[in-house]
Amino acid sequence: VRMDNPRQNVREYEGVRKDGSTFPVEFSLNDIKKEGVLLFILIIRDITQRKKTETALRESEIRLGNIVSAMPCAFFTSSIRDDGGQESLYISEGSKSVFRLDNSMFVPKNNLLLEQFEDEDANDIVEFRKSLFRNNKIDMFEREVKLKNGNWVHLRIRPERLKNGSILNHGLAIDITERKKAEEQIRYLAYHDLMTGAGNRAYLMKAFPKFISSANRHNKKFAVISIIPTNMSYFYANSGYDIGDMLMEEVANRITKVISDRDCLTYASGSRFILLKGGISHGSEIDDFCKNLEDIFIDSMKIEGQEFDVNVKIGVSIYPTHSSDSKALLKYSEVALSSTKYDFQSEYQIFSEHMKSKIARNLSLRTRLKHAILNKQILPYFQAQVDVLTGEIIGMEVLARWNDEEEGFIPPDVFIKIAEEYGLIESLSEAIIEEACKINKRWIDQGIARVPIAVNISGKHDPKSVLRLIDKMLNDIGLPPECLEVELTESAMMEDALASRRTIEKLRKRGVLCSVDDFGTGYSSLSMLKRFPLKKLKIDRTFVLDINSANGKAIINATIAMAKALNLVVLAEGVDNTLHFKYLKEQGCDIIQGYLFSKPLCEKDMEEKLKNWDSCHEISLVNMN
Ligand code: C2E
Ligand code: CA
Ligand code: CA
């Protein structure tokens, strides 16, 4: 038989020696045709040594393979073509875990690994392969790349040029996902607020240039939106920090639900969020978005079985309409935020030039106010509080008056707000209260009258310094504590209910009683009010103004009934006619303060009023009309 493949004539057998031991032998049979005669040559070879070498080689290959596959990295070798394609020659076991390939995929298929890279990296690899055919210098390809499966690898490709001109690529990909995750975590910590999960200020400042260039590229606008949840300090005080933090987290969650991935939500100091919202063409889109934002806070938040009503105030500035500078935009969105009117109701404001001129005016007012305080140009005026039944003056409210050299009379509503916003409120109250206490002490000492004065304390006044101030009045001036009262507005009390309650309790211990001012405009409940050791409840002027309507009457009646139930004295403010007086008296109101009896008067005029006051005459006059 003619055998074409010589190796087919080779067989291995087991040989047996005389002593019975065995050894491997190889039989190889070859045929030779010689002068028409076919000859066979059989060679028998002892292959013991070769077998040993083969086994050792196989074992070491397996060992090496094991080592390689146990490493968290992938080795691969491929032969590449000048069009950037390749022929895979080898892929190590370890590639399975690095590239997350399952067994069925684990065949040395062309471009199997390339498919695992993102398009941009895959393109770069193909370009690298092509370049190897263009220039002789052989470079390495090395970079950290993210795979489509989310893993990160450090990829290194070393080319090898063979003598026949073909080129091999030897690749090594090490899994660096864990390290990248740690780096991402560190970056996250550096750029995020941990309580709310929103970005932080550093994140915000990094986001600005991106928003600016994207807006310029697409010829669009973006909005800088400051969002402040309103009742938070109240919830923190009453329900504790855990609940407060959970509420803030929920606020962030709710906002996140109505924004897109491209928007940037950050948490800034002062419990506020700053949102950058891009892709805006028309102002109306901002209105729609803000209304939407307000709406997501309509439903109460439920935490640990309790319900909380959180509202938001929103201020907006727009790039490039209002400014192209990030710091100015931030300031303007804050300005818009501070122009919102409601404290306990959601509301949004978009920045306007008018607000800008208001700031300029405010700053000029602030400078003048500061001087006026220093130069004692802000004076205490006194308004009588009259007993409904006897007509006696049983109290006086101290009201600040400022006659500015430039502008003339500036209403306290205006300058108190400036003082509060620009950090002058404490020095202002100190000046007014000290002056008023001195005057009252003199009236007492000179036997003119012994009537308590009620001073207004702003919600922005630090509770500790309130106590220090009152102590100073009692000790330094020597005003008897029963001749000094404090008015706190209902909304200020609720802003930080716990701190207010402590202050009121401490004042009471000193013998100084407190009233709740502007009652009805805030957000307190009967159960809250019960816990404050108050003396007086002052019905706000707006309700007295509304007394003729059925609604107004209902509110007044309910407030008086409630105050009586809590054992509080009721005072009505802004009473300027006898009809109001009579109605309030009928309903059981105890004290009246208003133009009907007296406007706020300066020291000299009030002194005259106190000297000449005829209770019986005054009360019969109003009762008669
Ligand atoms: P308020 O504490 O509610 O003071 C009562 C306001 O009602 C006073 O306005 C008073 O003049 C006015 N009023 C009283 N009776 C009548 C009336 O029959 N008719 C009318 N139309 N008005 C009447 P004023 O003095 O302009 O003060 C406004 C607000 O400014 C005060 O409201 C208070 O919140 C604040 N304020 C005034 N002085 C001080 C102060 O020394 N410290 C603080 N923190 N706030 C002050
Ligand atoms: Ca008051
Ligand atoms: Ca009031």
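All of these numbers come straight from a predicted model, not from anything done at the bench.

Peer 1: Could you give me a rundown of the sheet that holds strand E11 (residues 272–280), with the residues and numbers involved?
Peer 2: Pairing in this open sheet of five strands is mixed, and the strands run E10-E11-E9-E14-E15 from one edge to the other. Each end of this open sheet is capped by a strand with a single partner; those strands are strand E10 (264–268) and strand E15 (347–350). Averaged over neighbouring strand pairs, the angle between their axes works out to 20° when direction is ignored. Examined bridge by bridge, E10 and E11 share five bridges and lie antiparallel to one another. Looking at the pairing, Thr266 lines up with Ile274 of E11.

Peer 1: Provide a residue-level description of the coordination of the calcium ion (ligand 2), including the pertinent values.
Peer 2: Protein-derived coordination of the calcium ion (ligand 2) comes from Glu397 (OE), Asn456 (OD1), Glu487 (OE) and Asp517 (OD), at a distance range of 2.1 to 2.3 Å. Sequence spacing of the donors to the calcium ion (ligand 2): E-x58-N-x30-E-x29-D. Separating the calcium ion (ligand 2) from the calcium ion (ligand 3) is a gap of 4.9 Å. Of this pair, Glu397 sits in strand E17 (residues 393–404) while Asp517 sits in strand E21 (residues 513–519), and the two are 120 residues apart along the sequence. In this structure, Glu397 and Asp517 share a single accessibility class: buried.

Peer 1: So what's going on with the packing of aromatic side chains? Residues and values would help.
Peer 2: Counted under the stated rule, the structure contains 15 aromatic pairs. Plain terms: the ring middles of Tyr332 and Phe351 are 4.2 Å apart, the flat faces sit at 10° to each other, and that makes the pair stacked. With Tyr332 in helix H8 (residues 326–338) and Phe351 in the loop between E15 and helix H9 (353–374), this residue pair connects regions lying 19 residues apart in the sequence. Taken together, the ring pairs connect Phe208, Phe211, Phe222 and Tyr319 into an aromatic cluster. The aromatic ring of Tyr381 is capped on one face by Arg401, whose charged end is 5.7 Å from the ring centroid. A cation sits over an aromatic face here: Lys599 above Tyr595, 4.8 Å from the ring centre.

Peer 1: For unusual backbone geometry, give the residues involved together with the corresponding values.
Peer 2: With an omega of -5°, the peptide bond between Tyr319 and Pro320 qualifies as cis. You can see Pro320 is positioned in the loop between strand E14 (312–319) and H8. One non-glycine residue with positive phi stands out, namely Asn219, at about 55°. Using a relative accessible area of 71% as the deciding quantity, one classes Asn219 as exposed. Positive phi is not limited to glycine here, since Asp518 has a value of about 55°. Within the element layout of this structure, Asp518 appears in strand E21.

Procedures and definitions
- Residues numbered from 1 in each chain as written.
- Chains lettered and ligands numbered in written order.
- Predicted model: local features only at pLDDT ≥ 70, side-chain atom pairs only at ≥ 80, totals over all residues.
- Heavy atoms only, no water.
- Pairing = 2+ DSSP bridges.
- Helix = DSSP H or I, 4+ residues; strand = E, 2+ residues; numbered from the N terminus.
- Axes fitted to C-alpha atoms, helices over the stretch in contact; angles between N-to-C directions.
- Donors = N, O, S within 2.8 Å, 3.2 Å for Na, K, Ca; no water.
- Buried < 20%, exposed > 50% of the residue type's maximum accessible area, 1.4 Å probe, protein only.
- Phe/Tyr/Trp six-rings, centres within 6.5 Å; stacked < 30°, edge-to-face > 60°.
- Lys NZ or Arg CZ within 6 Å of the ring centre and 35° of its normal.

By themselves, these are just geometric observations and shouldn't be taken as functional.
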